[in-house]
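# Close look at the chain arrangement
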Amino acid sequence: MASWSLTQRGLSRGLRLSASMHASYGRRMTSSLPEHLRKALAYSAMYPDLLPEPDLTRRNYVREMLERQDMLSRRRAIDIPEFYVGSYMSITVSDQNAPGKKNTFVGICIYRRNHGLRHQMALRNIVENEGIEMLYDLYSPIILEIKVLRLQKRLDDDLRYLRDALPEYSTVPWDMEPEPHREQGSVPVDETRVIMKPRPWTQRWERKELKGVKEWGLEDRFFKRAVEVSKPWEKYDLMKEYRCMVPLEDQYVVWKEVEEHRKTIEEEHKRSRRRKLLDA
Amino acid sequence: MSGLLTRLFSSQLQISCSRLAPLAGTQCVQHLQIREKSTKPKRRKVHPFHWWAPKNRADMSEDLLTEKNQVFLQQVAERIYLAPGESPLNEEPWPIGTYQEGSRRTGIIAKKIGVVPMWLKSGKRVLASMLHVCEQNVITYMDPETYARTRFGFRGKGHGCLIVGAESRDPTRFRQEYLDLFKESGVAPKKKLTKFLVTPNAALQPGTPLFAGHFKVGNYVNIYGKTIDRGFLGAKRRWGMKGGRATHGTTKNHNRMGAMGGPRGRILKGKKMGGHDGQERRLLVGVKILRINYKHGVIYVRGPSVMGEIGAFVQIYDALIPEKRPKEDNMPPFPTYFPAETDPLPEDVFDETVHPFDAPSIEFEQEVQVKRKLKVKARAKAAGKR
């Protein structure tokens, strides 16, 4: 019993941990986990959109089931590859006002947000010395193609601080070719650490416990204040953890359907992707 | 008003005077209290009407039931009441009416279960509210004459009334008066009861189950329900007033509404102030049905503004305004949908304007550029230049 609750706690914490934590602390922890828990951990990082919203007052099982059906049928119609925050991507959409009625944007995925059909992802790139961000609905039917140019994670789960970092850290070449990656095994973590621009910033990044920043360019008083306002006890708050996590029993229902989907549809998508590569 | 006053004076006041007179032995003092009816409609009802049958048993602790007793009571309840799937009609079926111009069908009870995005074929993103049609039956039908004689029957304007109940519950939790309401139909006692006005040709036999097949995709419906109860709010949140400044020496004035004085040195009636917000009946008129999942009984209507929180009951019925009434080419089943094994409904139906999720991505067609014909003068000019 004790070991079960321990693993559950470890898992629940693991689910909230960033990709980087997986690399150091998480890998050690996950290796000791049973197979099904390890799978749940991997899938929740891979398909954050398929999990329902954890807010208990707004949950409804019929809604979640129908929403999931819609998401999986959209995934059947278009190849939505595995990607993470920090991956380099290119997205082509139908655009009524673009020449050729198509528009392609290349950039680094800086955050993913919302659950279910509302799931959105943001790409960032520098265009003519100007930072540009595009926010896409992942399940919108105007998306024609999603390509992952470089499959990777970064040290942080949310890269919005790139808005206040030097522009070279969010520049992705427009003519970048998709890089081959191993289909099995862990996803590589890009350990780039950025240099921030001088203040003013959009947020007080020094208070966010970021790992991907090398040079802050700040005086000591900012870090002193960050320590003062930090809440290090929050990571021991079990109720908070419980509230922002979908229970494991509910997750298994989702992952069971996802397993089926991966075996059939995603295999087919992978084969067609390989065929395209060979043809080109 | 004058009539009310005279009645007051003639009855109660004189009595009180006569009662007081022998005690005091002198001239009695008149304490006249006049109650005016508010000009505004009543916003919310705090207590149920006193003539309603009381619903829940207050105290169940004295039942002193053993586990065996409970099982026995369950078995009795199963024998008395019909199971959800069982044929509910305990007498000869009534003749089915036919549609005529101006006929009004019953509505159905549903639960709001969420708001999701959907995409139109033009690529536009719209929000759709999901309404889950509960397990429900017709409880009673009152013809127009009977209904007109009831307390609020005059509002029916010649319509009959159909009482529909949704979501079966354990009968031991209800009082006998409430259970008696379900004797006629024979169905299990329901959690939620509502009233729908119908024309006599749309009358349904007590016990008839209602399904999502009652509606068709592309039609317009009215939705009636209660808004979210937000409790007592300040003027800033209730009416969106600006409040005071955050800084610059402001003290205790951040959330106040500011000046409220009007003309003539008094505050006008209906001034927007803090108070209770929400839990009010609202009607959403003429929303389009974008999609119906007949298998799970879920109706998707356009717009995120269906009232109430997730899990709240709403009533859905055909739109009444002439432009949005069901049309000849897309007429829903009249008086309601009766499931037939030979002709089952499709699982999931989308409106023409909506992009189904399993369809391929939307691609816009290239416009063909048409060369405009030059006018004669311009053509001559262009030719001359060459």
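This text follows the structure it describes.
So, here is what we can say about the structure in this document. (Residues numbered from 1 in each chain as written. Chains lettered and ligands numbered in written order. Predicted model: local features only at pLDDT ≥ 70, side-chain atom pairs only at ≥ 80, totals over all residues. Heavy atoms only, no water.)

## A short note on the overall build of chain A
- Of regular secondary structure, chain A possesses 7 helices and 7 strands.
- For chain A, the sequential pattern of α-helices and β-strands runs α-α-α-α-β-β-β-β-β-β-β-α-α-α.
- Of all 280 residues assigned to chain A, the portion counted as buried reaches 45%.
- Residue pairs at least 24 apart in sequence account for 68% of intrachain contacts in chain A once pairs closer than 6 positions are excluded.
- Summed over its atoms, the accessible surface of chain A is roughly 15,700 Å², and 51% of this surface lies on carbon and sulfur atoms. (Helix = DSSP H or I, 4+ residues; strand = E, 2+ residues; numbered from the N terminus. Buried < 20%, exposed > 50% of the residue type's maximum accessible area, 1.4 Å probe, protein only. Contact = heavy atoms within 4.5 Å. Areas by Shrake-Rupley, 256 points an atom, 1.4 Å probe, with all protein chains shown as cover.)

## A word on the sheet that holds strand E4 (residues 160-168) of chain B
Residue and element names in this part refer to chain B.
- Strand order in the open sheet made by the 4 strands is E5-E4-E3-E6, with antiparallel pairing throughout. Pairing within the sheet leaves two strands with one partner each, and these edge strands are strand E5 (190-198) and strand E6 (209-210).
- Pairing analysis gives 6 bridges linking strand E3 (residues 136-142) to E4, with the strands arranged antiparallel. Bridge pairing links Met142 to Cys161 in E4. (Pairing = 2+ DSSP bridges.)

## Section: the interface of chain A and chain B
- Contact residues are listed per partner, giving 29 residues for chain A and 29 residues for chain B.
- Of the roughly 2,400 Å² buried between chain A and chain B, counting both surfaces, carbon and sulfur atoms make up 61%.
- When the buried surface of chain A facing chain B is broken down by residue, Lys101(A), Arg118(A) and Pro141(A) rank first, second and third, together holding 23% of it.
- Counting every contact that joins chain A to chain B gives 3 salt bridges.
- Across the pair Lys101(A) and Glu367(B) runs a salt bridge, and its minimum N-O distance is 3.2 Å. (Buried area = accessible area lost by both parts, 1.4 Å probe. Salt bridge = Lys/Arg side-chain N within 4 Å of Asp/Glu carboxyl O.)

## Re the nonpolar core
- Core analysis: the biggest nonpolar cluster contains 69 residues, and Tyr161(A), Leu162(A) and Met196(A) have the highest contact counts within it.
- Counting residues per element, this core draws most heavily on strand E2 (residues 102-113) of chain A, which supplies 6 residues.
- When near neighbours in sequence (up to four residues on either side) are disregarded, Leu162(A) contacts Ile108(A), Ile110(A), Arg124(A), Arg154(A), Tyr169(A), Ser170(A) and Val194(A).
- Counting residues in hydrophobic clusters, the runner-up holds 36 residues, among them Val138(B), Ala202(B), Val221(B) and Tyr294(B). (Core = buried A, V, L, I, M, F, W, Y, C linked by side-chain atoms within 4.5 Å.)

## Digging into the packing of helix H4 (residues 61-77) of chain A against helix H7 (residues 248-279) of chain A
Residues and elements named next belong to chain A.
- The geometry of H4 relative to H7 is characterised by a closest axis approach of 11 Å and an angle of 15 degrees between their N-to-C directions. The angle between H4 and H7 places the two elements in the roughly parallel class. As for how H4 packs across H7, the hand of that crossing is right-handed. Contacts between H4 and H7 involve Tyr61, Arg68, Leu72, Arg75 and Arg76 from the former and Asp250, Val253, Val254, Glu257, His261, Ile265, Glu266 and His269 from the latter. (Axes fitted to C-alpha atoms, helices over the stretch in contact; angles between N-to-C directions. Parallel < 35°, antiparallel > 145°, perpendicular 65-115°, else oblique. Left-handed = near helix turned anticlockwise from the far one by under 90°.)

## Focus: a nonpolar patch on the surface
- Taken together, Leu56(A), Met239(A) and Tyr242(A) make up a surface patch of nonpolar side chains, about 330 Å² in accessible area.
- Examined against the element boundaries, Leu56(A) turns out to sit in the loop between helix H3 (35-46) and H4. (Patch = residues over 30% accessible without salt bridge, like charges linked within 9 Å, V, L, I, M, F, W, Y side chains within 5 Å.)

## Let's talk about the packing of H3(A) against H7(A)
Residue and element names in this part refer to chain A.
- Following both chains from N to C, one finds H3 and H7 inclined at 75 degrees, their axes separated by 10 Å at the closest point. One element, H3, and the other, H7, form an angle in the roughly perpendicular class. Residues His36, Leu37, Lys39, Ala40, Tyr43, Ser44 and Met46 of H3 touch H7, and the partners they reach there are Leu248, Gln251, Tyr252, Trp255, Val258, Glu259 and Arg262.
- Here the residues of the contact of H3 with H7 are counted per class, giving 8 nonpolar, 3 polar and 3 charged. (Nonpolar A, V, L, I, M, F, W, Y, C, P; charged D, E, K, R; others polar.)

## Let's talk about the side chain of Glu206(A)
- Tracing the sequence through the fold places Glu206(A) in the loop between strand E6 (194-195) and strand E7 (213-215).
- Summary of buried charges: Glu206(A) has no salt-bridge partner, and the nearest side chain of opposite charge, Arg207(A), is 4.3 Å away. (Lys, Arg positive; Asp, Glu negative; His and termini not counted.)

## Re the environment of Arg237(B)
- Within the secondary structure layout, Arg237(B) lies in helix H5 (residues 235-239).
- Each C-alpha atom, one on Arg237(B) and one on Tyr337(B), is 44 Å from the other, the two residues being 100 residues apart in sequence.

## Some remarks on unusual backbone geometry
- In this structure, Pro200(A) follows Arg199(A) across a cis peptide bond, with omega equal to 5 degrees.
- As for its position among the elements, Pro200(A) is in the loop between E6 and E7.
- Going from Phe334(B) to Pro335(B), the amide bond is cis rather than trans, its omega being -5 degrees.
- If you trace the backbone, Pro335(B) turns up in the loop between strand E12 (313-318) and strand E13 (348-350).

## What about the pattern of salt bridges?
Residues and elements named next belong to chain A.
- Applying the stated rule across the entire model yields 30 salt bridges over all chains.
- For Asp49, the salt bridge goes to Arg112, with nearest N and O atoms at 3.6 Å. In this pair, Asp49 is assigned in the loop between H3 and H4 and Arg112 in strand E2, connecting sequence segments 63 residues apart. Of the two residues examined, Asp49 and Arg112, each falls in the buried class.
- Note that Asp79 is salt-bridged to Arg273, the shortest N-O span being 2.9 Å. Of this pair, Asp79 sits in the loop between H4 and strand E1 (88-94) while Arg273 sits in helix H7, placing them 194 residues apart in sequence.
- What emerges from the salt-bridge pattern is a single network uniting Asp49, Arg75 and Arg112.

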